[in-house]
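Inside the fold
So the chains spell out like this:
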Amino acid sequence: VLLTKTRAGVRTLTFNRPDKLNAANDDLLLGLTRAVTEADADPAVRVIVLTGAGRGFCAGQDLGDVSGRDMTFTEHLNHTYNPLIRAIRGAGKPVISAVNGVAAGAGASLALAGDVRLWASSALLVEVFSNIALIPDSGSTWFLPRLVGYHRAFELMALAEKIRAEDALRMGLCEHVYPDDTFRDEVQAYAERLAARPANALKLTKQALNSAMTSSLDAALDLEARLQQLAGDHWEHEEGVTAFKEKRVPAFQRE
Ligand code: LHQ
C-alpha cells in the first residue's frame, strides 16, 4: 500500500491503492506514519515527499474498508490520522505534499499538511466530509481557515466545493502548479533544491514557524532568540558565511 524510494537525499513515499484513488486504510495510515518517522531519523534523507500512485492523491478514508470499525470515530482518529499529521508537522525535515490528483477528505488534510505543497495541473482538493455528514478532520479545520479565512473555509466545507489547481494557487493552498506530464520530475527537482539547503537551519525554522502559528509575538521573539543560538552554533552557519565571503555556493550537503 506504500511505495518507498530514495534518490539524491529525497525520500518519496507513494500511496499505492490507485484503483481507489489511494483511499486510506489502517495499513496505509500506520505504515505512512512509521515511514515518515523513519525518514526523519535517517541521515541519508533530507527531504520527504508524499504523493499518490495513479490519477489520485488520496481520496480520504476508504469507505469500503471495515478496519477501524471496532473503534469509535475518536479512537480511530487518535490511532491513525492524528499521529500521521503530528509526524508530518513534527518532522525536523521538510515534507512536500506532492498533490498529483484528487485530494478528498482526510486526503485534503494531507495535501495541506506538508511544509510545501506542489500540485499537478489536474489536481483538485475537496473538503468532502459534509457529503457523508462528517466534519473535516485530520487537521483540516486548523489548516484551511489559516489559509483562506474562516468564511471561505466554512463555505468550502459546508458545500464540499471542488478547488482546482489555478484557484488553489490563488487561494494559497499550494506553492506551485506543474503540468501533469512533467509533474513527478518537477517535484524531484524541487525536492533536490530543498535538499541542498541547510538542514539544521530548516529544522529550526520549521520548529519556530509551527510554534508561531499559535503563539504571541512575545513568545515568538523569545523562541527565535533561543533557536538562533542553535543555528549560529552549527557548522552550517560558518559554512554559509565563509561561502558568502569566498563568493561561492555553500556546501550544506555533507555526507
Ligand atoms: C473510493 C473512495 C473512498 C473507497 C474513491 N473509499 N473507494 C472518515 C471516517 C472515519 C474516521 C476517520 O476520518 C474519516 C476521514 C475521511 O476522509 S471522510 C471522507 C472519505 N472520503 C470520501 O468521502 C470521498 C469519496 N470519494 C469521492 O467523493 C470521489 O471518489 C472523489 C471526489 C474523491 C473523486 O471522484 P471521481 O474522480 O469522480 O472518481 P470516482 O468517484 O469514480 O472514484 C474512482 C474509484 O475510486 C471508484 O471505484 P470504482 O470501483 O467505481 O472505480 C470509487 O468508489 C473509488 N473511491 N474514493 N474514499
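Residues numbered from 1 in each chain as written. Predicted model: local features only at pLDDT ≥ 70, side-chain atom pairs only at ≥ 80, totals over all residues.

**So, the site of the ligand**
Counted only if it meets this: In this text, near has one meaning. A residue is near a molecule or strand if its C-beta atom, placed using the backbone, is within 6 Å of it. Helix numbering and strand numbering both begin at the N terminus, where a helix is a DSSP run of H or I of at least 4 residues and a strand a DSSP run of E of at least 2. Each residue is assigned to one class: nonpolar for Ala, Val, Leu, Ile, Met, Phe, Trp, Tyr, Cys and Pro, charged for Asp, Glu, Lys and Arg, and polar for all the others, Gly among them.
Near the ligand there are 24 residues, and of these Ala23, Ala59, Gly60, Gly105 and Ala106 occur at the shortest range. For the shell around the ligand, the secondary structure elements donating two or more residues are helix 2 (73-90) and strand 6 (102-104). Among the elements that line the shell around the ligand, the one with the most residues is helix 2, at four residues. Taken together, the residues of the shell around the ligand break down into 15 nonpolar, six polar and three charged.

**Section: the pairing of strand 2 (residues 10-15)**
Defined as follows: Every C-beta atom is placed from the backbone, and the number of other C-beta atoms within 10 Å of a residue's own sets its class: buried at 20 or more, exposed at 12 or fewer, partly exposed in between. Any two strands with at least two DSSP bridges between them are considered paired.
With six of six residues buried, strand 2 is to be regarded as a mostly interior element. Because side chains alternate across strand 2, one face comprises the buried residues Val10, Thr12 and Thr14, and the other comprises Arg11, Leu13 and Phe15, equally buried. Examined bridge by bridge, strand 1 (residues 2-7) and strand 2 share six bridges and lie antiparallel to one another. The residue bridging Leu3 from the neighbouring strand is Thr14, located in strand 2. Hairpin connection from strand 1 to strand 2: two residues lie between these consecutive antiparallel strands, with Ala8 at a positive phi of about 50°. Across six bridges, strand 2 lies against strand 3 (residues 47-52) in parallel orientation.

**Things to note about the sheet that holds strand 8 (residues 124-126)**
To be explicit about the condition: Helix axes are fitted only over the stretch in contact, all axes being lines through C-alpha atoms; the angle between N-to-C directions runs from 0 to 180 degrees.
On the basis of which strands lie adjacent, the open sheet formed by four strands has the order 4-6-8-9 and mixed pairing. Among the strands making up the open sheet, the edge pair consists of strand 4 (56-58) and strand 9 (162-164). Taken over all neighbouring pairs, the strand axes of this sheet differ in orientation by 20° on average, direction set aside. Pairing geometry for strand 4 and strand 6, over two bridges, is parallel. Along strand 6, the bridge assignment pairs Gly56 with Val102.

**Points about the nonpolar core**
Soluble globular proteins tend to bury their nonpolar side chains together. Definition in use: The nonpolar core is taken to be a set of buried Ala, Val, Leu, Ile, Met, Phe, Trp, Tyr and Cys residues joined by way of C-beta atoms within 7 Å. Note on contacts: each residue gets a C-beta atom placed from the backbone, and two residues are in contact if those atoms are within 7 Å.
Val49, Val99 and Ala103 are the most contacted members of the largest nonpolar core, which has 62 residues in total. Residues contacting Val99, with those up to four places away along its chain left out, are Phe57, Ala111, Arg117, Leu118, Trp119, Ala120, Ala123 and Cys174.

**Section: the sheet that holds strand 3**
The six strands lie next to each other as 1-2-3-5-7-10, forming an open sheet whose pairing is mixed. At either margin of the open sheet sits one strand with a lone partner, and together these are strand 1 and strand 10 (176-178). Adjacent strand axes in the sheet meet at a mean angle of 20°, parallel and antiparallel pairs treated alike. Examined bridge by bridge, strand 7 (residues 116-120) and strand 10 share three bridges and lie parallel to one another. Bridging across to strand 10, Ala120 finds its partner in Tyr178. Along the sheet, helix 1 (residues 26-41) contacts strand 1, strand 2 and strand 3; its crossing angle with strand 1, the most-contacted strand, is approximately 20°. The strands touched by helix 7 (residues 183-195) are strand 1, strand 2, strand 3, strand 5 (95-99), strand 7 and strand 10; relative to strand 3, the strand with the most contacts, the crossing angle is about 165°.

**A word on the domain arrangement of the chain**
Put simply, the rule is: Boundary definitions for the domains trace back to an automatic or database domain assignment.
Assigned domains of the chain: these are domain 1 (2-195) and domain 2 (199-245). Centre-to-centre separation of domain 1 and domain 2, based on C-alpha positions: 27 Å. Between domain 1 and domain 2, the residue contacts involve six residues of the former and five residues of the latter. Partitioning the side of domain 1 that touches domain 2 into residue classes produces one nonpolar, one polar and four charged.

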